[in-house]
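Here are the chains, one letter per residue:
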Amino acid sequence: MEYNFREIEQKWHQRWVAQQTYKVTEDPNRPKFYVLNMFPYPSGAGLHVGHPLGYIASDIYARYKRLQGFNVLNPMGYDAYGLPAEQYAIQTGQHPAVTTEANIARYREQLDKIGFSFDWSREVRTCEPSYYHWTQWAFQKMFDSFFCNKTQKAMPISVLIEHFSKEGTGDWDVACTEEISFTAEEWNSWDAKKQSDVLMNYRLAFMGETMVNWCPALGTVLANDEVVNGVSERGGFPVEQKKMRQWCLRVSAYSQRLLDGLETIQWSESIKETQKNWIGRSEGAEVQIKVADKDVTFTIFTTRADTMFGVTFFVLAPESELVDMITTPDQREDVDAYIKYVKGRTERERMIDHTVTGVFSGAYGINPITGDKCPIYVAEYVLAGYGTGAIMAVPAHDSRDYAFAKHFDLPIIPLVEGADVSQESYDAKEGIVMNSPISPDKSVEYDGESLNLNGMTIKEAIAATKVFVKAHHLGRVKVNYRLRDAIFSRQRYWGEPFPVYYKDGIPQMIPEECLPLQLPDVDKFLPTETGEPPLGNATKWAWDEQNKKVVENSLIDNVTVFPIELYTMPGFAGSSAYYLRYMDPHNDEALVSEQAAAYWQNVDLYVGGSEHATGHLIYSRFWNKFLFDLGISKKEEPFQKLINQGMIQGWSSFVYRLRGTNKFVSFDLLEERYDDAKKKNLYSYKGTEADPVYADISMVNGNVLDVEKIRQWTAEFRDAEFILNDRGQYIVSQAIEKMSKSKYNVVNPDDICEYYGADTLRLYEMFLGPIEQSKPWDVAGIDGCFRFLKKFWNLYRPAQKGEEGLRLDLTDDEPTKAELKSLHKLIKKVTEDIEAFSYNTSIPAFMIATNELTQLKCQKRAILEPMVVLIAPFAPHIAEELWEGMGHETSVCDARWPMFEEKYLVEDTVKMMVAFNGKTRFSIDFPADADNASIEATVRSHELMPKYLEDKQIMKIIIVPKRMINIVCK
RNA sequence: GCCCAGAUGGUGGAAUUGGUAGACACGAGGGACUUAAAAUCCCUUGACCAGUGAUGGUCGUACGGGUUCGAUUCCCGUUCCGGGCACCA
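Quantities reported herein were computed from a predicted structural model and do not represent experimental measurements. (Residues numbered from 1 in each chain as written. Chains lettered and ligands numbered in written order. Predicted model: local features only at pLDDT ≥ 70, side-chain atom pairs only at ≥ 80, totals over all residues. Heavy atoms only, no water.)

*Asks:* Lay out the overall build of chain A in plain terms, naming residues and giving numbers.
*Replies:* Looking only at helices and strands, one finds 31 helices and 38 strands in chain A. The buried share of chain A, taken over its 970 residues, is 52%. Long-range pairs, those at least 24 residues apart, make up 70% of the contacts in chain A with a sequence separation of at least 6. Summed over all atoms, the accessible surface of chain A reaches about 44600 Å², with 49% contributed by carbon and sulfur. A gap of 4 Å separates the mean positions of the 107 positive and 138 negative side-chain charges of chain A. (Helix = DSSP H or I, 4+ residues; strand = E, 2+ residues; numbered from the N terminus. Buried < 20%, exposed > 50% of the residue type's maximum accessible area, 1.4 Å probe, protein only. Contact = heavy atoms within 4.5 Å. Areas by Shrake-Rupley, 256 points an atom, 1.4 Å probe, with all protein chains shown as cover. Lys, Arg positive; Asp, Glu negative; His and termini not counted. Charge placed at Lys NZ, Arg CZ, Asp CG, Glu CD.)

Below you can see the structure in the form of structure tokens.
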């Protein structure tokens, strides 16, 4: 009987649905295992072959765990809020909900074809009110919380309010935007507005006036991770810095815990490293600097406290408020001009252009260690957002300070023995300190003590300086983090609305029992004419405080009816806690029930792309830690093990249009030259330059363009002239790029499923290479996988005529040793491979075992039955069909994973290679249990020995068990 | 610039973490079956040298050294590719 994958796959898809094979419930008697994929954004382009890569990998693992007896949760859902649906809505007027719904339907259809073991009864969509209810709820909880730095935990804001009313700020170390202090009397004297403003300094979800990444083209602010190289990640539009009042999340409060948590989870080193860089912890010291002849002091931050003796100037960030305070009248004009210049520069310009600029403020700062008066400059190379926005400059040991000093002709004092600073600074933290101080009178005494670092290593000197600074109250030891608070509001329509209304300008939370606050309808998705966000177009978007409901805007009186927040939440809001919701997706009372959270704990295996390293994977860790502090989440870390599947790249094809014409020239006819100015290749044909134009991958066969096909593709090509090469072909050029609709290189999985079946697709995607590696899609090898499945199918002799369906005719004979060896070798390899996620090497093992068993003509139940179970995670449809054919009434999913036994793998005899000084010469068979002495004796008396030994002397004989014998000779 | 991960045939990639390098697959070449095609099956396939031949020899895991009886694997240096961070003090 032929391997009819179409029939088989369709049959089992239907049966899985009918029998709810993959529905899972909490079962205290079985150990749990939680497998999760990063849920997709349902884009209009549908799934491409890259999407299923991770899903297949996790599905294999989920099925394997289930066969091992675990109760496996393997859910799927949709990250349904997002920019593309909204951009589409702006262009077409189509409501994003409609587009999203249609896209989801298409995704589901495509996913269903591949045979995943998802429990669809737990599906979530971030845009559903029943889901974003809990996104809004979590936001309110953050609003009602602050972070205690000492206990490193979130606490209710009411505790802090009580503390303020009794003791003011006191010395409680809590996470805040800006360090301020006030007394209880002051606090109690303030009105509600002022108190609200002050509390914003502490809340975990707060409204803050911050520099934001404003993207004018998208009309919204963006988070740091949504900006790449100064342009928006989506669309590539320019981004500028702007000061705006925005909702923010105090992610920075959790910096240390986010860092510490990395040590407890099994993630790839590279992604942990990326997160460490993003969090950017640096230990250093803050030192107070007094401005000479002025009653002003500022604080600098340094990680190189040991270099205080080499300070020759100070630098303030242009945005610093101090600039205005210290600038002397005669420098005022220059400073103002400089600040104006800096403001006119975009973030992007600042990033690319590192030329030295700056201006002298006219003021001097006093170095507390040396007593020296050093000039204070204002320069854009010092960033307002990091540390204190002020630095001490040590040109000898910092390359940026060095460049600045050279430009403004400032002194450079070397502090490390042997360091040559005539050409460049010596930045390394290695060496012995000197010139610290240059002479005893160059070190200021405090309480009879002065600092001397000469002769110390740099590390010792850093520590000694910190002790000195602390002991004499010149500053303090401080840890800084690069991690910024996340900007949490967007000026968009298609996102979660904030459950917030404004009363006298003070944000108020909509009562918890009134959640979810549903996204209103609007007739236009663009900002309003007055520049308000799209929600400003909603006509029913006001909060009736007394009746606790949303009412028409016309009723706003600011007495009982108030305006509701017009901002919406960003993309990462809905994706930050979805893994908790899957545990209990239909709960109306809570994000997740106590019982479900206690059972499922956290995600054991999370699979997704590494591009989320500094976005989603930071935000959701933060979000989970917050919910952990609340007792909702049961584990400090949400994702225990993380596998990053690589990208499947596409082959982009280009045709070349002669500039200013509608003629396209075959690539092999073009002349190439390299343009240094533009740093890229240029092509020309008979003197006319040719520009590459994307051609759809489906019009190309190998590298030959199907000219007739492309003519039918778009109007652009219909009447085009194609200049062919002398073989009459049009050759395209190709490049490996990320798969993208706009590059016309997308391969979608439907065609593969149609032609080869889902099992072949699954096998092939895994066979393509190591799961974590990026690799171009290439259908060349897919036939091999298809052929293997056919061979596997043919291992099982079908039933005789007249029997219904597939009845496999297996014998109950005792397997032979060779058969058992083939089987157990396979069990061992596949089990180890799945545990290590190296599926690509399991598939060859299957092929080898299948070939061996075919040769042995094995028809034994004891061998072939476990084989079906082994392949079930990889190719579930064929496995089910064969399993049923063997007379089983339950699904293969309920079978048990076979255990391998070492005894079947042990050989009676072992072939041992005999090598002379490492060079292999011949082999001898030994009984497997031969001891070293007898092996050595046999070798010494072997007939071939004289031939290879000649007149050499045996020095020693090294026996590597079961492998080789190396004879070391002179 | 700093940090991280890599480099193995024509191609994707294996190699028990120091023990026969190139599994398996693709591609290519040859053959069988067939009127023919498709499908299927079999053989060859890292390079070079010697031999009609079975076969034998030399080189070979980016490059240059080192440790070792033995190195794709460990150590030092170099080159190249990928990823992250980046006037972060």
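*Asks:* I'd like a description of the nonpolar core, backed by residues and values.
*Replies:* Judged by nonpolar contacts, the single largest core of 190 residues is most densely connected at Trp 247, Leu 249, Phe 488 and Tyr 796. Among the elements that line this core, the one with the most residues is helix H2 (residues 51–67), at 9 residues. If near-sequence neighbours (up to four positions away) are discounted, Tyr 796 is found in contact with Leu 808, Leu 864, Met 867, Val 868, Leu 882 and Met 886. Formed by 51 residues, the second largest nonpolar core is a distinct cluster that contains Phe 313, Val 315, Ala 390 and Ala 419. (Core = buried A, V, L, I, M, F, W, Y, C linked by side-chain atoms within 4.5 Å.)

*Asks:* Could you give me a rundown of the packing of aromatic side chains, with the residues and numbers involved?
*Replies:* According to the stated counting rule, one finds 75 aromatic pairs in the structure shown. Consider the rings of Phe 39 and Tyr 578, whose centres lie 3.7 Å apart with planes at 10 degrees: the pair is stacked. A residue pair is termed long-range when its members are at least 10 positions apart, and Phe 39 in the loop between strand S1 (32–37) and H2 and Tyr 578 in helix H17 (residues 578–581) qualify at 539 residues. The class for Phe 39 is buried, based on a relative accessible area of 8%. For the ring pair Tyr 64 and Trp 897, a centre distance of 4.9 Å and an interplane angle of 85 degrees mean the geometry is edge-to-face. With Tyr 64 in helix H2 and Trp 897 in the loop between helix H28 (876–885) and helix H29 (902–905), this pair connects stretches of sequence that are 833 residues apart. (Phe/Tyr/Trp six-rings, centres within 6.5 Å; stacked < 30°, edge-to-face > 60°.)

*Asks:* Break down the protein's contact with RNA strand B for me, citing the residues and quoting the values.
*Replies:* The full set close to RNA strand B counts 45 residues, and Arg 400, Arg 482, Gln 773, Arg 963 and Asn 966 are the nearest of them. In the interface set of RNA strand B, defined as its atoms within 4 Å of the protein, sugar plus phosphate atoms amount to 56%. Here a phosphate oxygen of RNA strand B and a side-chain polar atom of Arg 787 are 3.5 Å apart. At 3.4 Å from a phosphate oxygen of RNA strand B is found a side-chain nitrogen or oxygen belonging to Asn 840. Of all elements in the fold, only helix H10 (269–279), strand S11 (297–302), helix H24 (782–795), helix H26 (839–856), strand S37 (954–960) and strand S38 (964–969) reach the threshold of two or more residues within the surface near RNA strand B. Within the surface near RNA strand B, the residues separate by chemical class into 19 nonpolar, 16 polar and 10 charged. (Near = heavy atom within 4 Å. Polar contact = N/O pair within 3.5 Å; in protein donor to acceptor, adjacent residues only side chain to side chain. Nonpolar A, V, L, I, M, F, W, Y, C, P; charged D, E, K, R; others polar.)

*Asks:* Quick one: what's the story with the sheet that holds strand S2 (residues 71–73), residue by residue and with numbers?
*Replies:* Strand order in the open sheet formed by 4 strands is S2-S1-S23-S24, and the pairing between neighbours is parallel. Edge positions in the sheet fall to S2 and strand S24 (639–644), since each of these pairs with one other strand and no more. This sheet shows a mean twist of 20 degrees between the axes of neighbouring strands, independent of strand direction. Across 3 bridges, S1 lies against S2 in parallel orientation. Paired with Tyr 34 across the strands is Leu 73, a residue of S2. Relative to S1, H2 is tilted by about 170 degrees, and along the sheet it contacts S1, S2 and strand S23 (603–608). Contacting S23 and S24, helix H19 (residues 616–630) runs over the sheet at an angle of about 175 degrees to S24. (Pairing = 2+ DSSP bridges. Axes fitted to C-alpha atoms, helices over the stretch in contact; angles between N-to-C directions.)

*Asks:* Requested: an account of the pattern of salt bridges, with residues and values cited.
*Replies:* Under the counting rule described, the total for this entry stands at 52 salt bridges. Linking Glu 881 and Lys 11 is a salt bridge whose minimum nitrogen-to-oxygen distance equals 3.0 Å. Note that Glu 881 is positioned in helix H28 and Lys 11 in helix H1 (residues 5–19), a separation of 870 residues in sequence. In this structure, Glu 716 and Arg 657 form a salt bridge, with 2.1 Å as the shortest nitrogen-oxygen distance. Taken as a pair, Glu 716 in helix H21 (residues 715–718) and Arg 657 in strand S25 (residues 648–658) lie far apart in primary sequence, 59 residues in all. Members of the salt-bridge network, linked through shared partners, are Arg 257, Arg 621, Lys 625, Asp 629, Glu 636 and Glu 637. (Salt bridge = Lys/Arg side-chain N within 4 Å of Asp/Glu carboxyl O.)

*Asks:* Before we move on, could you go through a negative patch on the surface and cite the residues and values that matter?
*Replies:* Together, Asp 330, Glu 333, Asp 334 and Asp 336 line one region of the surface with negative charge. Inspection of the secondary structure puts Glu 333 in helix H12 (residues 332–343). Residue classification places Glu 333 among the exposed positions, given a relative accessible area of 69%. (Patch = residues over 30% accessible without salt bridge, like charges linked within 9 Å, V, L, I, M, F, W, Y side chains within 5 Å.)

*Asks:* Please give an account of the state of the cysteines that cites residues and values.
*Replies:* Scanning the entire structure with this criterion turns up 0 disulfides. Of the cysteine sulfurs around Cys 148, a residue in no disulfide, the closest is that of Cys 176, at 12 Å. On the basis of relative accessible area, Cys 148 is assigned to the buried category, the value being 2%. We note that Cys 753 lacks a disulfide partner, and the nearest cysteine sulfur, in Cys 785, lies 14 Å from it. On the basis of relative accessible area, Cys 753 is assigned to the buried category, the value being 10%. (Disulfide = S-S within 2.5 Å.)

*Asks:* Describe the environment of Met 583, with residues and values.
*Replies:* Following the sequence through the fold, Met 583 ends up in the loop between H17 and helix H18 (594–600). According to the relative accessible area criterion, Met 583 is buried, its value standing at 2%. Residues Met 583 and Trp 494, spaced 89 residues apart in sequence, show a C-alpha to C-alpha distance of 26 Å. Other than its neighbours up to four places away in sequence, Met 583 contacts Glu 26, Tyr 34, Leu 73, Arg 122, Val 592, Ala 596, Ala 597, Trp 600, Gln 601 and Asn 602.

*Asks:* Hey, could you go over the pairing of S25 for me, with residue numbers and the actual values?
*Replies:* By the criterion of burial, S25 is predominantly enclosed, with 9 of the 11 residues buried. In terms of strand pairing, S25 meets strand S33 (residues 733–738) through 6 bridges, oriented antiparallel. By the bridge assignment for S33, Ser 652 is matched with Ala 735. Judged from the 6 bridges that link them, S25 and strand S29 (residues 688–695) form a sheet pairing that is antiparallel. Pairing of Arg 657 across the sheet is with Asp 691, part of S29. Two elements, S25 and strand S26 (residues 663–665), share 2 bridges in a ladder whose sense is antiparallel. Opposite Arg 657, over in S26, you have Phe 664 as the bridge partner. Counted along the chain from S25 to the antiparallel partner S26, the turn is 4 residues long, and its residue Gly 660 has a positive phi close to 80 degrees.

*Asks:* A description of the sheet that holds S37 should follow, citing residues and the corresponding values.
*Replies:* Taken together, the 4 strands give an open sheet; going across it, the order is S36-S35-S38-S37, and neighbouring strands pair in mixed fashion. Edge positions in the sheet fall to strand S36 (919–927) and S37, since each of these pairs with one other strand and no more. Averaged over all pairs of adjacent strands, the angle between strand axes in this sheet comes to 20 degrees, irrespective of strand direction. Direction of pairing for S37 relative to S38: antiparallel, over a ladder of 6 bridges. Pairing of Ile 954 across the sheet is with Cys 969, part of S38. Against the sheet, helix H30 (residues 932–940) engages strand S35 (909–916), S36, S37 and S38, with an angle of about 130 degrees to S37.

*Asks:* Lay out the pairing of S35 with the relevant residues and their values.
*Replies:* In this sheet, S36 lies alongside S35 in antiparallel orientation, the contact comprising 8 bridges. Of the residues in S36, the one forming a bridge with Lys 911 is Asp 925. Here S35 hands over to S36 after 2 residues, with Asn 917 in that stretch at a positive phi of 50 degrees. Bridge count for S35 against S38 is 4 bridges, and the pairing is parallel. Residue pairing for S38: Phe 916 is matched across the bridge by Ile 967.

*Asks:* Break down the packing of helix H23 (residues 758–767) against H24 for me, with residues and values.
*Replies:* It is the contact of H23 with H24, at a shortest axis distance of 9 Å, that shows an interaxial angle of 125 degrees. Our classification of the angle between H23 and H24 gives oblique. When the axes of H23 and H24 are compared, the crossing they make is right-handed. Taking contact as the criterion, the partners of Asp 759, Thr 760, Leu 763, Tyr 764 and Phe 767 in H23 are, on H24, Ile 782, Cys 785, Phe 786, Phe 788 and Leu 789. Looking at the contact of H23 with H24, its residues break down into 8 nonpolar, 1 polar and 1 charged. (Parallel < 35°, antiparallel > 145°, perpendicular 65-115°, else oblique. Left-handed = near helix turned anticlockwise from the far one by under 90°.)

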